[in-house]
Amino acid sequence: MPSFHICRLRVLVAIACGLLTAVVLGLSIWRIVIRIQRGTFSPPISTPTQFCRNGGTWENGRCICTEEWRGLRCTIVNFCENSTYQELNFARIPVGRYGPSVQTCGYNTLNAGRPLAIRLCTFSPYGEIILQNVTRGNCSENLESLEKQIDNIATKSQNISIEVQILTSNTTELTAENITSASNVVGQIFNESRKATSEAKRLAVSTVSQLLDVREDIFQVATADANNAFTTLIEQMENYSLTLNNESVVEPNVAIQSFNPGIHEHSESVRFSVQKGSSDSLVSGSIFAENVNTLNPDGQTELQILLKTRKNNAISKKFGFVVYQNNKLFQSKTFMTKSNFSQKIISGKIGENENDASVEMVFNPTYNKKVFQLYSHACVYWNLSTNNWDTYGCKKGNVTDGFLGCQCNHTTNFAVLMSFKRNYQYPESLDTLSTLGCALSIAGLALTIIFQIVTRKVRKTSVTWVMVSLCVSMLIFNLLFVFGIENTQNKNLNTNDTNTNIPSTNIIPETDTADIPNPSCTVFAALLHYFLLVTFTWNGLNAVQLYFFLIRTMKPLPSHFILFISLVGWGVPAIVVGVTVGIIYAQHMKDPNWELEYRQEEICWLATLNRNGFISHPFLWSFLIPVTIILITNIGIFIVITVKVLWKNNQNLTSTKKVSFLKKILSTLSIAVVFGLTWILSYLMLINNDDIRIIFSYIFCLANTTQGLQIFILYTIRTKVFQNEASKALQSLSSSFGRMKPLPSMTPLRLRVRMYNMLRSLPNIYEHFRLLESSLTTEETTLTKSDQTNSSV
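Residues numbered from 1 in each chain as written. Predicted model: local features only at pLDDT ≥ 70, side-chain atom pairs only at ≥ 80, totals over all residues. Heavy atoms only, no water.

Enquirer: Which residues make up the pattern of salt bridges, and what values do they have?
Expert: Tallied over the full model, the rule gives 12 salt bridges. The salt bridge partner of R215 is D217, with a shortest N-O separation of 3.1 Å. Overall, D217 belongs to the partly exposed group, its relative accessible area being 37%. R271 is paired through a salt bridge with E290; the nearest N and O atoms lie 2.6 Å apart. One end of the pair, R271, is in strand β14 (residues 269-275); the other, E290, is in strand β15 (residues 287-290), and 19 residues separate them in sequence. (Salt bridge = Lys/Arg side-chain N within 4 Å of Asp/Glu carboxyl O. Buried < 20%, exposed > 50% of the residue type's maximum accessible area, 1.4 Å probe, protein only. Helix = DSSP H or I, 4+ residues; strand = E, 2+ residues; numbered from the N terminus.)

Spelled out as structure tokens, the structure:
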């Protein structure tokens, strides 16, 4: 009867283990199916290798070139080579820009450090790239002194405009005060009442284009001190756009177009278009105005605006358009710019009866669709009275073929304020490998824990607390990793180009990048942080325990050793995680997205290191440094144990060299696994070479996601007890269900003899350490009392 109950117990254990494995693998397969349905396993769009040359980048099906190159593959020269004019030297100058001279004004002059002259690189009427004559500046004038000469613009407009252009040619040295002074001067040059010459105004457009190359943060500082300088400049440029008589002025960052319908043209609408170029700069020929009634964007259109007026008022009216490459002159109090997304501004103005006009627009947002997705947008205009964006009189139109539509019942400076969300990409095969590896580890760890608990009486030893704690922490971490590492709130956002989930309400976004708070993701990140630190801590404690067992065999364990290591293994990581989260929250509590200082946005894991604030980054102090210390300690103990115990020659060995070598390899591998030494591969992933980093990423993923499976194989399957119980369970199942013949009686006997011979070949010290080798059952060997005492830890 007792044997019958033991047999039933074995069958139940085998069935439970099988069901557990089936459930974990089933959950893994279900998760993969869900990912496929979400489209996360769709094959990535192939990018031509080295297709774009000379610094060009492949975006949205075409090469985006730098200013110095153009063409399909950015292989056509678009610059003037280094040049010399008399004693002045000039570096390479892109077409359409003024280049400053290398020589600067002396330190004893008012304009010290500024270039002595500028030179324009442009196209000839025949399409050749040429350098124009050098324009020299006056070293005794600076922007502040020119600002005081505004009243003399009527007589000195040409000279003043040239000096301002030269002084703003080197944009890297401009300050907020320089921007304010230059804006004041240029704004008055455009003022009709100042009677500046047409050439002075054209040079002033070039100056505005140069100012828009200054860094965003400097403009933000200048806005606080500019008073009405930017407002005046914007208004006067609108008025200037009506005076060009069907001509245009195009600079890299600003383009102005005037359109005057003829007396025989009775259309009530004018359409202005901006075409895409091979670079982000505006170029001549990319803008044009037409006397038509409808919008008609195509694949080369970046934006279009249609000015509508009453038919009987359209004759002899003047239409003016201004395009700004970015929104630096339009510093908003409600819309914050955090990235370098291109937010083009378009101005439409009608000469008379402007209240009768309405506007329709389409914008083709320029961004890398592989990296970002449009999250929200708003159709706005610049309110000159409040110096801020406003939605009054504007509403969203249809979103078709990637174009964002807007409609407004008035004319002024318009824009589509867009907010983007990063569309994070993952190597799909690596992601699949992680999922499958973790699923196998989960099954292996669960079976190892069950084996350690259920077979403790058969093995004549109590549960190895360090091993069980290590397996439990690793099991929980793997479960959290499989089911909680992804930020599902971000994953569920629509990533296709139709943008069907974009809100229809016309609400101005707060920033140009959307970071959605997700407290649940932060909780998962903290749990992952904690249990991974716990896993590493128990790896280190396992190394300390082995050191006491194998090196200091004659000395007893410290008092209360189990209690002490339990407090360290489970308590210290909790303190580290709690202090880290508390400090970050205290420092950024006013920021609604403070959690992004702790975790990443795309996955629920710690924020990665960056160059800014590297030393104070939480990832460094709360994870990288503790893990590095543990790994270095484990490596040292591993070397000591390997040299002094595992690979030490023993003259008493009676087994063959082949068996001895195999046992040494397996014992070394067993220790390396429980010490967590495979995590050393993570440091090799920091190599800058992409190809090498990808190789080590796959090796790291394979070695660490299957760590639980490795523990199951090395510490459960290899044990004598497991092999005996598995053999008996299979015999019981086969006899119960009658699906297979009983195994020959000699099979388990031969298995026992082979295992017994392998165990005899090991040094006597291995019998004291139950983690490295298989435990012997009572049928085959008798443990001494001292052995039982040592193995009970």
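Enquirer: Explain a nonpolar patch on the surface to me, using residue names and the numbers behind them.
Expert: A surface patch of nonpolar side chains, amounting to about 310 Å² of accessible area, comprises I635, I639, V643 and I680. As for its position among the elements, I680 is in the loop between α15 (657-674) and α16 (681-684). Among the residues examined, I680 registers a relative accessible area of 33% and is labelled partly exposed. (Patch = residues over 30% accessible without salt bridge, like charges linked within 9 Å, V, L, I, M, F, W, Y side chains within 5 Å. Areas by Shrake-Rupley, 256 points an atom, 1.4 Å probe, with all protein chains shown as cover.)

Enquirer: Go over the packing of aromatic side chains, please, and point to the residues and values.
Expert: Here the structure, examined in full by the defined rule, presents 16 aromatic pairs. Arranged with centres 5.3 Å apart and planes meeting at 85 degrees, the rings of F330 and W382 form a pair that is edge-to-face. One end of the pair, F330, is in the loop between β17 (319-324) and β18 (345-350); the other, W382, is in strand β20 (residues 372-383), with 52 residues separating them in the sequence. There is no split in this pair, since F330 and W382 are both buried. Ring centres of F536 and F623 lie 6.4 Å apart, and the angle between their planes is 80 degrees; this geometry places the pair in the edge-to-face category. Note that F536 is positioned in helix α12 (residues 519-550) and F623 in helix α14 (residues 618-646), a separation of 87 residues in sequence. Among the residues examined, F536 registers a relative accessible area of 1% and is labelled buried. Its relative accessible area of 7% is what places F623 among the buried residues. R73 extends its terminal NZ or CZ atom over the ring of F51, reaching a point 4.8 Å from the ring centre. One cation-aromatic arrangement involves R92 over F79; the distance from NZ or CZ to the ring centre is 3.9 Å. (Phe/Tyr/Trp six-rings, centres within 6.5 Å; stacked < 30°, edge-to-face > 60°. Lys NZ or Arg CZ within 6 Å of the ring centre and 35° of its normal.)

Enquirer: Please set out helix α10 (residues 465-484) residue by residue, giving values where relevant.
Expert: For α10, which comprises 20 residues, the first-to-last C-alpha distance of 28 Å matches the rise-based estimate of 28 Å (1.5 Å per residue) to within 8%. When you tally the buried positions in α10, you get 14 out of 20 residues, the bulk of the element. (Expected span 1.5 Å × (residues − 1).)

Enquirer: I'd like a rundown of the environment of T386, residues and numbers included.
Expert: Residue placement: T386 occurs in the loop between β20 and β21 (388-390). Distance in space between the C-alpha atoms of T386 and S332 is 9.8 Å, their sequence separation being 54 residues.

Enquirer: Give a description of the sheet that holds strand β11 (residues 129-136) that names residues and reports values.
Expert: Taken together, the three strands give an open sheet; going across it, the order is β9-β10-β11, and neighbouring strands pair in antiparallel fashion. Every other strand in the sheet has two partners, leaving β9 (98-100) and β11 as the edge strands with one partner each. Direction aside, neighbouring strands of the sheet carry axes that sit 25 degrees apart on average. With three bridges joining them, β9 and strand β10 (residues 117-123) adopt antiparallel strand pairing. (Pairing = 2+ DSSP bridges. Axes fitted to C-alpha atoms, helices over the stretch in contact; angles between N-to-C directions.)

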